[in-house]
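# Chains, contacts and geometry: an overview
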Amino acid sequence: MKLRNPFRRKVSNQTAGAGYRFFLGNSTSGKRVNERSSMQMTAVYSCVRILSEAVASLPLLVYEQSDSHSQRARDHPLYFLLHDEPNPEMTSFIFRETLMTHLLLWGNAYAQIIRNGKGEVVALYPLMPDRMKVDRDEDGQLFYEYQVSKANPSINTAGTVRLHPQDVLHIPGLGFDGLVGYSPIAMAKNAIGMAIACEEYGAKFFAHGAAPSGVLEHPGVLKDPSKLRDSWQATFGGSANSGKVAVLEEGVKYTPISIAPEQAQFLETRKFQINEIARIFRIPPHMVGDLEKSSFSNIEQQSLEFVKYTLDPWVSRWEQAMTKILLTPEEKKKYTIKFNVDGLLRGDYQSRMNGYAIARQNGWMSANDIRRLEELDPIPEEAGGNLYLVNGNMLPLQQAGSFYSGKEEDDEVLEMDQKQDESGNGDSNGDQDPVPERNNRRRNLV
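Along each chain, numbering runs from 1 in the same order as the chain's sequence is written. Local features in this predicted model are restricted to residues whose pLDDT is 70 or higher, and side-chain atom pairs enter the listing and the counts only when it is 80 or higher, whereas totals over whole chains, interfaces and linings include all residues. With hydrogens and water excluded, all non-hydrogen atoms of the structure serve as input to the side-chain values.

### Re the overall build of the chain
Secondary structure assignment for the chain yields 16 helices and 13 strands. Within the structure as shown, the chain displays about 28,500 Å² of accessible surface, and the carbon and sulfur contribution to it stands at 52%. What counts as a helix is a DSSP run of H or I of at least four residues, what counts as a strand is a run of E of at least two, and both are numbered from the N terminus. Only the protein chains shown count as cover for residues, and all accessible areas are computed by the Shrake-Rupley method using a 1.4 Å probe.

Structure below.
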C-alpha cells in the first residue's frame, strides 16, 4: 500500500540531481568552477583522495547479532558483495572509493542495485551523480531518473531510465530537504575559484621569465612593434631563460611596471587558500602537507580527531544508507552493516599496551579479546585464553568491612601463637605444625 503525502505531492522548486548545478559556474575570481575543474587543484584533489581512500580502506562487514555478542555473518550474501566484490568488474575498495569521490564532489552517491528473482542483492554498480535526477510522482512517491547516452554499449539510443527507490543505493550528503545533498564544490566555489586563480597567476608568472613584466621603450618609430615584442619574449621569456643578460640596441629601454609577487602577498594567499579548502572538507592541515602548526605532540591527537569528527559522520551515512536499502525488515532485526574503525582509533604501541593492561587487570577484557584487536592468533580455551581475571585485593563494596570484623579475634590468635613460638612447645613433638593451623584460623576469619 502506498502512502500519499499531500504536502509533497508537487515539487515546484526542485533541488535534486542536476537541478542544483546553477550554483556552479563562474566564481567571483572569474574562474569557472565545477566538480571536474576543481580536482585540478592539488588541495581539493588531496582532500578528496584522503577521505575516499580512508572510507575505502576500512573493513566493511556484515554482523549477526545475538543475545550475548555479535559475530561476522560470513554466510550472508551481502558479506561477499560489501567486503570483497560488489560486482564482477570492481573490488570493494574501488567501488567505495568511487562512490565516496562522488559524494565529496557532487554531494550525492548513487549505485544501482541488481536483484535476483528472490529479491536478493546480487550486484552493485556505481551511477554518475550528474546524470541522476530525484523527483516525486503525482502520488508523492520518490523515483529516480537516470540519463543514459549512446556511449553505453547496452543502450542504443539516448534517453532516461526510471528507477524504483528499492533499486538505488543513495547516500546523500549535507542537504536542505533530507532527500539530496548539495555539492561542497558548488557551495565553496568562490574559495576554490580564488585558489585556481592564484595557481594560474603563479604558473604564468614563471612562464614569463619569473620577472615582472614591463615596457620596451624605443626612441624612434617602429614599423612592426609585435616583431620586437616576440623577439624579446623568445629570447628572455620562460623560466628556462630567467637570469639571462639582456642586450638592448638602438636606444631600446626596458622599464618594469608590475609589482613583485611578495608585495602582492602571493605566497601567503596561496597558503591561506589551501587551509581554506582543507576547512571545507574538515581535513587537518598536516594531512595536506601544511606542518606549520603541527608537531610530534599534537599530530597523533589531530589524527584521532580526524577519525572522530571527520570520518565518523561519513561512515555513519554509509552504514545507515546501506542498512536501510540492502537489508529486509526481518534482516534488520538480526543483521547490521558496520565499518571497522578500531584500527584507526588505536594510539601508539605503548599507549595500547597500557590500556590493555588496565582492561586485563580489571576483568573486562580477556587475553583473546586483546589478541583479536592486535590481529594475533587466539590462545586455546584450555590454556585460559578466554579467562577474565581481576585483582585479588579488591572486594565488593558490601564486603568492605569483612577484614575488620574479625580483627580482635585475629589479634588473640597471633598473640597465642607468639607465646608458643617463644616457649618452643609448638613443634617439640614434631606432630603439630602451628603455621598451617594459624593460616587455617586466618582463613576462617576472612
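Once the structure has been displayed, the description carries forward.
### Some points on the sheet that holds strand β5 (residues 108–115)
Read from one edge to the other, the open sheet built from three strands follows the order β6-β5-β10, with strand pairing classed as antiparallel. Of all the strands in the sheet, just β6 (121–127) and β10 (168–172) have a single pairing partner and so form its edges. In this sheet, adjacent strand axes meet at a mean angle of 25° when their direction is disregarded. Criterion used throughout: strands pair if DSSP finds at least two bridges between them. Relative to β6, β5 runs antiparallel, the two being bridged by six bridges. Between the N-to-C directions of two axes lies an angle of 0 to 180 degrees, each axis being a line fitted to C-alpha atoms and, for a helix, fitted only over the stretch in contact.

### A closer look at the side chain of Ser 366
Tracing the sequence through the fold places Ser 366 in the loop between α12 (349–361) and α13 (367–373). In this structure, Ser 366 is in contact with Arg 360, Gly 385, Asn 386, Leu 387 and Tyr 388, ignoring residues within four places of it in sequence. For this analysis, residues touch if any pair of their heavy atoms sits within 4.5 Å.

### Some details on the confidence of the model for the chain
Confidence of the prediction at every residue is given by pLDDT, a number between 0 and 100. Across the chain, the average pLDDT comes to 77, with 67% of residues at or above 70. Below pLDDT 50 for its whole length, residues 9–22 participates in 30 contacts with residues either more than four positions away or in separate chains.

### A short note on the pairing of strand β7 (residues 132–136)
Each regular strand shows side chains that alternate between the opposite faces of the sheet. For β7, the tally of buried residues reaches four of five residues, placing the bulk of the element in the interior. As paired elements, β7 and strand β8 (residues 142–148) share five bridges and run antiparallel to each other. Opposite Met 132, over in β8, you have Tyr 146 as the bridge partner. Between β7 and β8, which pair antiparallel one after the other, the connecting turn spans five residues, and Gly 140 there sits at a positive phi close to 85°. Remark: exposure states derive from per-residue accessible area (1.4 Å probe, protein chains only) relative to the maximum for the residue type, with buried under 20%, exposed over 50%, and partly exposed in between.

### A few points about the environment of Ile 370
Position of Ile 370 relative to the elements: it lies in helix α13. Overall, Ile 370 belongs to the buried group, its relative accessible area being 15%. For the pair Ile 370 and Ala 357, spaced 13 residues apart in sequence, the C-alpha separation works out to 9.5 Å. In this structure Ile 370 touches Tyr 356, Arg 360 and Met 365, once residues within four positions along its chain are discounted.

### Side note on the pattern of salt bridges
What makes a salt bridge here is a side-chain nitrogen of Lys or Arg within 4 Å of a carboxyl oxygen of Asp or Glu, nothing more. Scanning the model with the defined rule gives seven salt bridges in all. Put simply, Asp 130 and Arg 36 hold a salt bridge, and the shortest N to O gap is 3.5 Å. Within this pair, whereas Asp 130 is found in the loop between β6 and β7, its partner Arg 36 is found in helix α1 (residues 35–38), the two being separated by 94 residues in sequence. Taking the relative accessible area as the measure of exposure, Asp 130 reaches 23% and is therefore partly exposed. A residue is classified by how much of its surface remains accessible, and Arg 36, at 51% relative accessible area, is exposed. We note a salt bridge from Glu 276 to Arg 279, for which the minimum N-O separation is 2.4 Å.

### Things to note about the sheet that holds strand β4 (residues 70–72)
A sheet is described by the order of its strands in space; here three strands give the open sequence β4-β3-β13, paired in antiparallel fashion. The two strands at the open ends of the sheet, each matched to only one other strand, are β4 and β13 (335–339). The sheet shows a mean angle of 40° between the axes of neighbouring strands, taken without regard to direction. Both strand β3 (residues 60–65) and β13 contribute to a ladder of five bridges, which runs antiparallel. Bridge pairing in β13 places Leu 61 opposite Lys 338. Contacts from helix α9 (residues 299–326) reach β3 and β13, with the element oriented near 155° to β13.

### Examining the environment of Tyr 125
Here Tyr 125 lies in strand β6. Residues Tyr 125 and Gln 112, 13 residues apart in the sequence, show an inter-C-alpha distance of 5.1 Å. Every residue in contact with Tyr 125, bar those within four places of it in the chain, is listed here: Asn 87, Pro 88, Glu 89, Phe 95, Tyr 110, Ala 111, Gln 112 and Ile 114.

### Quick word on helix α4 (residues 92–106)
For a helix, the expected span equals 1.5 Å multiplied by the residue count minus one. Between its terminal C-alpha atoms α4 stretches 21 Å, which fits the 21 Å expected from 15 residues at 1.5 Å a residue. With twelve of 15 residues buried, α4 lies mostly within the body of the structure. Among the residues of α4, those classed as buried are Ser 92, Phe 95, Arg 96, Glu 97, Leu 99, Met 100, Thr 101, His 102, Leu 103, Leu 104, Leu 105 and Trp 106. Once α4 ends, the next one or two residues include Gly 107, with phi positive near 85°.

### Notes on helix α2 (residues 42–57)
Helix length check: α2, at 16 residues, gives a terminal C-alpha distance of 22 Å against a target of 22 Å (1.5 Å per residue), a fit within 8%. Within the span of α2, buried status applies to Ala 43, Val 44, Cys 47, Val 48, Ile 50, Leu 51, Ser 52, Ala 54, Val 55 and Ala 56.

### Considerations on the packing of aromatic side chains
Pairing of aromatic rings covers Phe, Tyr and Trp, the last through its six-membered ring, and needs centres within 6.5 Å; plane angles under 30 degrees mean stacked, over 60 mean edge-to-face, and all others mean tilted. Taken as a whole, this structure holds three aromatic pairs when the rule is applied. With a centroid separation of 4.6 Å and an interplanar angle of 40°, the aromatic rings of Phe 176 and Tyr 182 are classed as tilted. Given the relative accessible area of 65%, Phe 176 is considered exposed. A centroid spacing of 6.3 Å and a plane angle of 85° characterise the contact between Trp 318 and Phe 339, whose relative ring orientation is edge-to-face. Highlighted residues: Trp 318 in helix α9 and Phe 339 in strand β13, separated in sequence by 21 residues. Exposure remark for Trp 318: the relative accessible area of 1% places this residue in the buried category. By relative accessible area, which is 7% here, Phe 339 ends up buried. Across from the ring centre of Phe 143, 3.8 Å away, lies the NZ or CZ of Arg 162, which sits over that ring. In this scheme, the term charge over a ring applies when either NZ of a lysine or CZ of an arginine sits within 6 Å of the ring centre and within 35 degrees of the ring normal. When the ring centre of Trp 314 is taken as reference, the NZ or CZ atom of Arg 317 above it lies at 5.6 Å.

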